[in-house]
Amino acid sequence: AVPKTRILATGGASHNKKILQVLSDVFNAPVYTIDTANSACLGSAYRAIHGLVAETNVSLADVVKLAPEPRLAVTPTAGADELYRPLLKRYAELEQKIVYNPTSSC
């Protein structure tokens with residue numbers, strides 16, 4: 001995982017600990033949830049506000065300071081990154097192949 005990476009899960013799947021655990025293990029990062037209604041829309045709203053104030057050099061971090069505090073839901077399983085790291089690398093390679101040469105077969 002990238003240092004200080006964390007995942008914020010919203011919507012219906014954010015209530016399923018098993019899905020959150022897989023997400024945490026694959027990306028080797030803790031997963032947080034926000035206990036608020038319409039949380040999936042919340043991120044879009046904050047990005048829109050950030051866009052409106054972009055010319056004032058206000059950071060996205062400053063925009064979301066008043067957001068509900070995320071709650072830690074799960075942390076990565078020890079050793080899971082050894083399994084997923086090569087798979088993520090392969091996925092990224094395949095994605096690049098498709099993006100830069102969409103007519104080739106994988």
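It should be emphasised that the depicted structure is a prediction, and the values quoted were computed from it without experimental measurement.

(A) Broad picture of unusual backbone geometry. Even without glycine at this site, N28 takes up a positive phi of about 50°. You can see N28 is positioned in the loop between α1 (17–27) and β2 (31–33). We note that N57 has phi near 60°; this positive angle belongs to a residue other than glycine. With respect to the element layout, N57 can be found in the loop between α2 (39–52) and α3 (60–63). The class for N57 is exposed, based on a relative accessible area of 72%.

(B) Broad picture of the domain arrangement of the chain. As assigned here, the chain comprises domain 1 (1–34 + 70–105) and domain 2 (38–68). On a C-alpha basis, the centroid separation for the pair domain 1 and domain 2 is 23 Å. Each partner contributes to the roughly 340 Å² buried at the junction of domain 1 and domain 2, and carbon and sulfur atoms together form 63% of this total. Seen at the junction of domain 1 and domain 2, the total is 0 salt bridges. Applying the counting rule to domain 1 against domain 2 returns 0 residue pairs in polar contact (both at pLDDT 80 or more).

(C) Fine view of the environment of E69. Mapped onto the elements of the fold, E69 is located in the loop between α3 and β3 (71–74). Relative accessible area serves as the criterion here: at 65%, E69 is assigned to the exposed category.

Criteria and thresholds
Residues numbered from 1 in each chain as written. Predicted model: local features only at pLDDT ≥ 70, side-chain atom pairs only at ≥ 80, totals over all residues. Heavy atoms only, no water. Helix = DSSP H or I, 4+ residues; strand = E, 2+ residues; numbered from the N terminus. Buried < 20%, exposed > 50% of the residue type's maximum accessible area, 1.4 Å probe, protein only. Domains from an automatic or database assignment. Buried area = accessible area lost by both parts, 1.4 Å probe. Salt bridge = Lys/Arg side-chain N within 4 Å of Asp/Glu carboxyl O. Polar contact = N/O pair within 3.5 Å; in protein donor to acceptor, adjacent residues only side chain to side chain.

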